[in-house]
Amino acid sequence: MELTELLTLLIIGLLTFAVGLWLSGRPITKPQYRAAPPWPQRAPFLGGGSPENHAWNRFHARYYPMTLLLIAFEMEMMFMYPWAVVYVAEGMKALVEMGMFLAILSVGIIYGWREGAFKWQ
Amino acid sequence: MAMNWLRQLAAKAPVPVYPLLAGNLRTDIQTMGLDPRIEWVASPRHARVLLVAGELSPATDRAFGKVHDQLPGPAASIWWQGQPLDSLADGATILDKADDLGRVAHQLQVDLLSGKHRGEPALCPDEPPEPWQGLGDIGHGGEGMMGGKPYGRSMAMPTDDLRDGLQLDPMAFSLGPFCSFLPPGLEANVTLHGDVVASFEVCSTPYPSLLPGVFEKALEGPVSITELELARARHYLHQLGHALWINQSGTVAHAVFAKARSLKPGESLNKLKKQLIYTGFYRSAGADKGVLGDSQALMTGGVAARACGRGSDARVDDDGYRSLGFKPLVMDRGDAAARWWLWLEEAQRSLQLAHDAGPGHVKTSNTRSVELLRGASRDGQLPEDGTAMLEDLLPGLEWSEAMAVLASLDLSAVQRAGAGAEGTL
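Everything numeric in this text was worked out from a predicted model, so none of it was measured.

A.B. asks: Could you clarify how one ought to interpret the nonpolar core in this entry?
C.D. replies: The nonpolar side chains of a soluble globular protein tend to be buried, and buried together. Residue and element names in this part refer to chain B. Of all hydrophobic cores here, the largest spans 63 residues; its most connected members are Phe-200, Leu-237, Leu-276 and Trp-340. The leading source of residues in this core is helix H12 (residues 336-357), at ten residues. The residue makeup of this core includes at least three contributed by each of domain 2 (150-204) and domain 3 (209-415). If near-sequence neighbours (up to four positions away) are discounted, Phe-200 is found in contact with Leu-186, Ala-188, Asn-189, Val-190, Leu-390, Glu-391, Leu-394 and Pro-395.

A.B. asks: Can you help me understand the interface of chain A and chain B in this one?
C.D. replies: The parts lose accessible area when they come together, and the size of an interface is often stated as this lost area. Each partner contributes to the interface: chain A provides 26 residues, whereas chain B provides 49 residues. Applying the counting rule to chain A against chain B returns zero salt bridges. At the boundary of chain A and chain B, one finds 14 residue pairs in polar contact (both at pLDDT 80 or more). Its residues assigned to classes, the side of chain A that touches chain B comprises eleven nonpolar, ten polar and five charged.

A.B. asks: Explain the packing of aromatic side chains here, please?
C.D. replies: For any pair of aromatic rings, the description consists of the separation of the ring centres together with the inter-plane angle of the planes. Counting across every chain of the model gives ten aromatic pairs over all chains. Seen from their ring centres, Phe-45 of chain A and Tyr-18 of chain B are 5.7 Å apart, and the 85° between their planes marks the pair as edge-to-face. Note that Phe-45 of chain A is positioned in the loop between helix H2 (39-42) and helix H3 (64-90) and Tyr-18 of chain B in strand S1 (residues 15-21), a pairing that runs across two chains. Take Phe-45 of chain A: its relative accessible area is 16%, and that puts it in the buried class. Judged by centre distance (5.3 Å) and plane angle (80°), the ring pair of Phe-79 of chain A and Phe-101 of chain A falls under edge-to-face. Of this pair, Phe-79 of chain A sits in helix H3 while Phe-101 of chain A sits in helix H4 (residues 92-114), and the two are 22 residues apart along the sequence. The class for Phe-79 of chain A is partly exposed, based on a relative accessible area of 41%. Judged by relative accessible area, Phe-101 of chain A falls into the partly exposed class, the value being 25%.

A.B. asks: So what exactly am I meant to see when it comes to the domain arrangement of chain B here?
C.D. replies: Residue and element names in this part refer to chain B. For chain B, the assigned domains are domain 1 (5-114), domain 2 (150-204) and domain 3 (209-415). The straight-line distance from the C-alpha centre of domain 2 to that of domain 3 is 30 Å. Buried surface at the junction of domain 2 and domain 3, summed over both partners, amounts to about 1300 Å²; 73% is from carbon and sulfur atoms. Looking at the side of domain 2 facing domain 3, the largest losses of area belong to Phe-181, Val-197 and Phe-200, adding up to 42% of the total buried there. For the pair domain 2 and domain 3, the number of links is zero salt bridges. Linking domain 2 with domain 3 are four residue pairs in polar contact (both at pLDDT 80 or more), by the criterion used here. At the level of elements, strand S9 (187-193) and strand S10 (196-204) are the ones that each hand at least two residues to the side of domain 2 that touches domain 3. Among the elements that take part in the side of domain 2 that touches domain 3, S10 stands out by supplying seven residues, more than any other. Residues belonging to the side of domain 2 that touches domain 3 are distributed by class as follows: 13 nonpolar, two polar and two charged.

A.B. asks: What's the story with the side chain of Thr-93 of chain B in this structure? I'm lost.
C.D. replies: Structurally, Thr-93 of chain B can be placed in strand S5 (residues 93-95). If near-sequence neighbours (up to four positions away) are discounted, Thr-93 of chain B is found in contact with Ser-77, Ile-78, Trp-79, Val-104 and Leu-108 of chain B.

A.B. asks: How do you make sense of the environment of Ala-314 of chain B when you look at a structure like this?
C.D. replies: Looking at where Ala-314 of chain B falls in the secondary structure, it is placed in the loop between helix H10 (302-306) and helix H11 (319-323). The sequence separation of Ala-314 of chain B and Arg-368 of chain B amounts to 54 residues, and the corresponding C-alpha distance is 9.6 Å.

A.B. asks: Would you explain the sheet that holds S9 of chain B in this entry?
C.D. replies: Sheet strands pair by backbone hydrogen bonding; their relative direction is either parallel or antiparallel. Residues and elements named next belong to chain B. Taken in spatial order, the three strands line up as S8-S9-S10 in an open sheet, and their pairing is antiparallel. Every other strand in the sheet has two partners, leaving strand S8 (171-175) and S10 as the edge strands with one partner each. This sheet shows a mean twist of 15° between the axes of neighbouring strands, independent of strand direction. Note that S9 and S10 share seven bridges and pair antiparallel. The residue bridging Val-190 from the neighbouring strand is Phe-200, located in S10.

Conventions used here
- Residues numbered from 1 in each chain as written.
- Chains lettered and ligands numbered in written order.
- Predicted model: local features only at pLDDT ≥ 70, side-chain atom pairs only at ≥ 80, totals over all residues.
- Heavy atoms only, no water.
- Core = buried A, V, L, I, M, F, W, Y, C linked by side-chain atoms within 4.5 Å.
- Buried < 20%, exposed > 50% of the residue type's maximum accessible area, 1.4 Å probe, protein only.
- Helix = DSSP H or I, 4+ residues; strand = E, 2+ residues; numbered from the N terminus.
- Domains from an automatic or database assignment.
- Contact = heavy atoms within 4.5 Å.
- Salt bridge = Lys/Arg side-chain N within 4 Å of Asp/Glu carboxyl O.
- Polar contact = N/O pair within 3.5 Å; in protein donor to acceptor, adjacent residues only side chain to side chain.
- Nonpolar A, V, L, I, M, F, W, Y, C, P; charged D, E, K, R; others polar.
- Phe/Tyr/Trp six-rings, centres within 6.5 Å; stacked < 30°, edge-to-face > 60°.
- Buried area = accessible area lost by both parts, 1.4 Å probe.
- Pairing = 2+ DSSP bridges.
- Axes fitted to C-alpha atoms, helices over the stretch in contact; angles between N-to-C directions.

So this is what it looks like as structure tokens:
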């Protein structure tokens, strides 16, 4: 049984290899490499203009507002799961505490909103 | 050479064409793009055919070579309203009539894919434009933190960023004169901080706009208001279509160009108005930017000035227009969205005026003061180039906002083409 399976696997492997070889249409001993594009095509398109300095350029992604939002929402969820268990036992007291917690986090979200964290670019 | 079936299928697809404008022919190009056999692309990297529209000047030969060589080969050029360069003149494809572009471009694509046309030779040498400038024996060492100038271009040195003063690298480059997203012919030195324009220095002004024939005649004597207003409506719709194209609304832009081609007096543009509102065009990036100051508004004139509540309309000085109850349209917001809005409103009002004037019944009467497509001509003075204001208007804007603001302004100088000469409409 195992020998049959191995043979089947071998046949499938050989078939796949043969089809791959046929599709590529080239002998395996002569791999084809795509020639690099000519130098003018490697330059950025600037409508006839040229870059003045190298493209290795340090600019800031300005992810601070987005990080702030992530932390605000993540903290919210992190505490909400255990709170859901405690709420059953504590009732109104837990609800008020969670309300205060969410109010504090909301300040961060509102600040992020003001800073443009929700702005799609 | 026989074509395999994949190439045959590829040859049937619309031809990707990059329009290289060597004259202010954008309106004509937009109309030519209505042919389903061609497709305008925004970069030569995506094109198979380069359409060179207008006469190239020797000053732009280097820039032309750069754009030409960025088409992936095999590629070829079509020359329209200009002579081919000497180096490409052998077997050059010259277009006589604009309507033939689809047929000619399609045939060129078939020839390129079948191997009948081997593609045009490159104009720039295939070597690094800025070779490595290291100091050591094997190219190592040199200036800057990299230990060398990579490909001869220096590394950017940190400067204060515009937004929060972080020390970051600016990116400096020159743009144009063959950028499809800038006014044709405009060359600028741009510095970016991230995606924010830090400086925009105009090096070469755009090609002047040629007055359409009917406006030229209006400066000489009475002309039919119907004819004049139809040309005006067509121009504003083309301007609007370009702004839509810049905002990546190519399908709507195509519909606007198609509408502009077959305008009829009294036609309603309400469907288009609703479409632009529902697609959020007036709320796109940059729509609320580019508010002009007093001097900028007066310099620009026309719709841009009226969109910020300043400036007037020379048509109020004309008895012909007064007899039709003409009143200028004015807004007070003055941003890019206001100009787009006013272009459409002006087009609608022009169609109404064309209808009310009847076919040639009401004519203009004032040749000393004529409202042109961009501002007024008073005593034969034509509007001058206003692109210098971009140096104050664009810094501080994000790139997409800056391009939207640019697409809301018509700043090129206006020039007379001579009576009977072919205008852009």
